[in-house]
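Spelled out, the chains give:
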Amino acid sequence: MIKPFAKPIYVTKPFLPPLEEFCRGLQEIWDNRWLTNNGPVLQRFNDTLGTYFNTDNLCLFNNGTLALQIALQGMGITGEVITTPYTFVATTHALYWNKIRPVFVDIEPDYYTLDPEKVEEAITPWTTAILAVHVYGNPCMLDELADIARRHGLKLLYDAAHAFGTQVNGKSIAHYGDLSMFSFHSTKLFHSLEGGMLIFQDGGLKSTFDYLKNFGYKSEVEVVMPGTNAKMNEMQALMGLHVLEHLDEILEKRRRITDLYRTRLKEIPGVCLAAAPRAGVAYNNAYLPVEIDERAFGMSRDAVYEKLKAWNIFTRRYFYPLICDFSCYRSISVNGDLAVARRAADRILTLPIYDSLELSEVETICEVISSLQKGTAVLPEIVGAGRPLGAS
Ligand code: T4K
């Protein structure tokens, strides 16, 4: 019998810098007594990221959702925006908060990103932009989407919430399209506790984004637009600075974990791995999605998801249900049958991946999945059902 993990293995676990390192930074914040509102640590984080991405066209926010909402508002996007139903719900919420109508089209089966052909078919006189998502950190079909946007005079925005660290042809993913939004949420491989960032081509947008995230203030006595409060604070910026120092080691560990998963899982009937990254893509290994083919595996994706809990393994079904199936979006008509997106939503399981996940733990997770497939798994007795074992 494979023993359950003593402590829960979640789909992710945030990277934390060594505590002493972080405390040294805290001392600076204590000395400054400057906690938010464009403080010195935030400015340093902004400059460091500017150097990392080699751009001045960058703006930081307190989370990715508000960053995206402000991006849409600041760019004056209206009417209809073509987007994906296969994403985290915040992508669609950002449109809705701007009174923009989301138009859902299908995705392609290899990387689960927008299908350019379906995008082109859905363009109407009201379409103003495409909002595509680099799902799991895999780049969208960048050239095809750029071509459609150019030919139809549309803005091209990327929700790059998952894509920090992904590069295409030696260039950061941030530099494709008119604008990219990154989430620095704790569940992301690069994080600032919570946080978000916009990187954009048109430098003229910077002041607009800066006003919008700070109540519209231009000076102490001038409010030039009805902004909101979406500022990143000093603690967030400090965490971001410290995590950035460890980015290379985080990416390397994730790469090794993915390699091991791929080696072990390819031997299990009914477990279908996502396509390997396209040529020229340096993938960040943000997530580990696999498709469970019920017939070949002998069990549905949902059954696997439930049974793994008995071993204290908590996977996620990112992204199920599709956005258009949530009650608040059900009234929106969709383009076509979304067959590829529906199939992905029904079959995908995202397995645990984070820098501190031991390779021996990956081996065990794969062994459990294999034993479920073979029907040899002996279910451990569930102590305190419904609550992760060993969770505090
Ligand atoms: N666009 C896309 C495509 C996105 O994926 C997201 C966010 C956004 C936009 C919006 O960006 P933000 O406004 O969030 O910056 C999580 C995250 O909360 C969310 O940020 C993320 N996408 C989404 C994909 O995943 P949940 O509801 O699954 O999170 P939660 O709390 O269940 O955490 C997942 C697991 O992580 C837990 O089971 C345990 C572990 N965990 C989590 C936290 C917060 C930890 O070990 N420690 C922690 O501190 O949404």
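For the structure given in this document, a descriptive report is provided here. (Residues numbered from 1 in each chain as written. Predicted model: local features only at pLDDT ≥ 70, side-chain atom pairs only at ≥ 80, totals over all residues. Heavy atoms only, no water.)

1. Here's the deal with the nonpolar core
Under the convention used in this document: Put simply, a nonpolar core is a bunch of buried Ala, Val, Leu, Ile, Met, Phe, Trp, Tyr and Cys residues held in one set by side-chain atoms that sit within 4.5 Å of each other. Whether a residue is buried, partly exposed or exposed follows from its accessible area with a 1.4 Å probe, protein chains only, as a fraction of its type maximum: under 20%, in between, or over 50%, in that order. Working rule for contacts: check all heavy atoms of both residues, and any pair within 4.5 Å makes them a contact.
Membership of the largest hydrophobic core comes to 76 residues, with the highest contact counts inside it found for L49, Y86, Y136, F164, F184 and M197. Discounting residues that sit within four places of it in the chain, F164 has contacts with L49, Y52, F53, F182, F184, L189, F190, M197, L244, L247 and N284. Counting 30 residues, the second-largest nonpolar core is a separate cluster that includes Y261, M299, L357 and V368.

2. With respect to the pattern of salt bridges
Short version of the rule: The salt bridge definition used is simple: a Lys or Arg side-chain nitrogen within 4 Å of an Asp or Glu carboxyl oxygen. A run of H or I in DSSP becomes a helix once it reaches four residues, and a run of E becomes a strand once it reaches two; helices and strands are each numbered from the N terminus.
For the structure shown, the criterion picks out 17 salt bridges. Here D210 makes a salt bridge to K213, at a shortest N to O gap of 3.9 Å. Pair noted here: D210 and K213 are both in helix α7 (residues 205–213), with a separation of three residues, about one helical turn. The network of salt bridges with common partners includes E120, D147, R150 and R151.

3. Structural notes on the environment of C328
Tracing the chain through its elements places C328 in the loop between β16 (313–314) and α12 (339–347). Each C-alpha atom of the pair C328 and H93 lies 10.0 Å from the other, and the pair is 235 residues apart in sequence.

4. A closer look at the sheet that holds strand β7 (residues 167–168)
Basically, it comes down to this: For two strands to be treated as a pair, DSSP must find no fewer than two bridges joining them.
Taken together, the three strands give an open sheet; going across it, the order is β8-β7-β14, and neighbouring strands pair in antiparallel fashion. In this open sheet, the two edge strands, each paired with only one partner strand, are β8 (171–172) and β14 (281–282). As paired strands, β7 and β14 are joined by two bridges and run antiparallel to one another. Following the sheet pairing, V168 is matched in β14 by V281.

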